[in-house]
Amino acid sequence: MKLIGSAASPYVRKVRVVMAEKRLDYQFIVEDVWSADTTIASSNPLGKVPCLIMDGSEAMFDSRVIVEYLETLSPVGKLIPQQGRERAEVKTWEALADGVMDAGILLRLEANWAGRADGERSQAWMDRQRAKVDAGIRAMAKGLGDKPFCSGIHLSLSDVAVGCALGWIGFRFPDIDWRGDHPNLNKLYDKLMLRPSFADTAP
Ligand code: GSF
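Residues numbered from 1 in each chain as written. Predicted model: local features only at pLDDT ≥ 70, side-chain atom pairs only at ≥ 80, totals over all residues. Heavy atoms only, no water.

1. Side note on the overall build of the protein chain
Inference 1: A count of helical and extended segments in the protein chain gives eight helices and four strands.
Inference 2: Secondary structure elements of the protein chain occur, N-terminal to C-terminal, as β-α-β-β-β-α-α-α-α-α-α-α.
Inference 3: The C-alpha radius of gyration of the protein chain comes to 17 Å, within 12% of the 17 Å expected for a compact globule of 203 residues.
Inference 4: Principal axes of the C-alpha set define a box for the protein chain whose edges measure 50 × 45 × 30 Å. (Helix = DSSP H or I, 4+ residues; strand = E, 2+ residues; numbered from the N terminus. Rg over C-alpha atoms; globule rule 2.2 N^0.38 Å.)

2. What to know about the packing of aromatic side chains
Inference 1: What the rule picks out here adds up to three aromatic pairs.
Inference 2: Seen from their ring centres, Tyr 189 and Phe 198 are 6.5 Å apart, and the 85° between their planes marks the pair as edge-to-face. In this structure, Tyr 189 and Phe 198 share a single accessibility class: buried.
Inference 3: Stacked on the ring of Phe 28, the Lys or Arg Arg 16 has its end atom at 4.1 Å from the ring centre.
Inference 4: Between the NZ or CZ atom of Lys 191 and the centre of the ring of Phe 149, over which it lies, the distance is 4.1 Å. (Phe/Tyr/Trp six-rings, centres within 6.5 Å; stacked < 30°, edge-to-face > 60°. Buried < 20%, exposed > 50% of the residue type's maximum accessible area, 1.4 Å probe, protein only. Lys NZ or Arg CZ within 6 Å of the ring centre and 35° of its normal.)

3. Some details on the pattern of salt bridges
Inference 1: Summed over the entire model, instances satisfying the criterion amount to 13 salt bridges.
Inference 2: As a salt-bridge pair, Arg 64 and Asp 98 come within 3.0 Å of each other at their nearest N and O atoms. Here Arg 64 is found in helix H2 (residues 63-73), whereas its partner Asp 98 is found in helix H3 (residues 84-112), with 34 residues between them in sequence.
Inference 3: A salt bridge links Arg 116 to Glu 110; the nearest nitrogen and oxygen atoms lie 2.5 Å apart. (Salt bridge = Lys/Arg side-chain N within 4 Å of Asp/Glu carboxyl O.)

4. What about the state of the cysteines?
Inference 1: Summed over all chains, the structure comprises zero disulfides.
Inference 2: The structure places no disulfide on Cys 51, whose sulfur is separated from the nearest cysteine sulfur, that of Cys 164, by 18 Å.
Inference 3: With no disulfide of its own, Cys 164 lies closest to Cys 150 among cysteine sulfurs, the gap being 12 Å. (Disulfide = S-S within 2.5 Å.)

5. A closer look at the site of the ligand
Inference 1: Surrounding the ligand, one finds Ser 9, Pro 10, Tyr 11, Val 33, Trp 34, Gly 47, Lys 48, Val 49, Pro 50, Asp 62, Ser 63 and Ile 105.
Inference 2: Ser 9 places a polar side-chain atom, nitrogen or oxygen, 2.6 Å from an oxygen atom of the ligand.
Inference 3: In this structure, Val 49 approaches the ligand through a main-chain N or O atom, which is 2.8 Å from a nitrogen atom.
Inference 4: Partitioning the shell around the ligand into residue classes produces seven nonpolar, three polar and two charged. (Near = heavy atom within 4 Å. Polar contact = N/O pair within 3.5 Å; in protein donor to acceptor, adjacent residues only side chain to side chain. Nonpolar A, V, L, I, M, F, W, Y, C, P; charged D, E, K, R; others polar.)

6. Regarding the pairing of strand S2 (residues 27-30)
A regular strand places its side chains so that they alternate between the two faces of the sheet.
Inference 1: For strand S1 (residues 2-5) and S2, the ladder comprises four bridges, and the chain directions are parallel. Note that in S2 the partner of Leu 3 across the bridge is Phe 28.
Inference 2: Regarding topology, helix H1 (residues 10-21) serves as the crossover connection from S1 to the parallel S2, and that connection is right-handed. (Pairing = 2+ DSSP bridges. Right-handed = clockwise from strand over helix to strand, strands pointing away.)

Structure, rendered in structure tokens:
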């Protein structure tokens with residue numbers, strides 16, 4: 001398998017953490033989707049990473065589809081419950097974490113994207129996205145409570161997704177003090193960073 005991605009992308013990190021937890025081998029192909037000569041569109045028409053290329057088959061995207069597929073490849077390191085409420089709960093945690101990343105990326109693009117002139121940037125739009133980031137982090141802290149992991153007592157995709165979102169927020173928005181505001185998230189992230197899957201993929 002080949003994984004096209006970048007070291008800074010939180011969605012790509014989610015896939016890499018899952019690969020490592022499940023002891024799956026892959027070749028990491030670094031691609032800068034923002035550079036003028038990127039060839040990502042030949043694999044993913046949406047021009048986004050992560051994108052997984054299976055041997056002799058079509059490309060697969062996006063990160064939620066990829067991690068769900070990876071879960072079927074090996075029983076090692078089970079991360080997603082097979083059915084029912086528990087599965088929906090883990091997928092909802094993932095949607096929450098992805099939503100925080102989505103809003104953070106929209107905020108950054110509005111503030112920095114080179115294709116937009118300064119006069120075209122909307123503070124109201126940035127505030128709207130920032131509110132989603134803040135609300136998402138608060139919901140993570142509330143949902144985690146004093147549990148050892150987001151969904152029960154074992155590591156799951158919930159923790160992987162939340163860890164990738166928080167790590168990326170810390171990397172891109174150093175002014176957002178989620179560690180100080182939410183000691184339980186701080187503790188969870190420190191615990192995740194003890195795992196090679198997280199330590200080796202930090203942005
Ligand atoms: C999001 C991927 C994405 O936005 C997923 O895979 O879960 N829902 C998708 N990737 C970014 C890279 S990053 O900011 O993490 C991307 O490739 N953006 C390029 C673009 O043109 O939007």
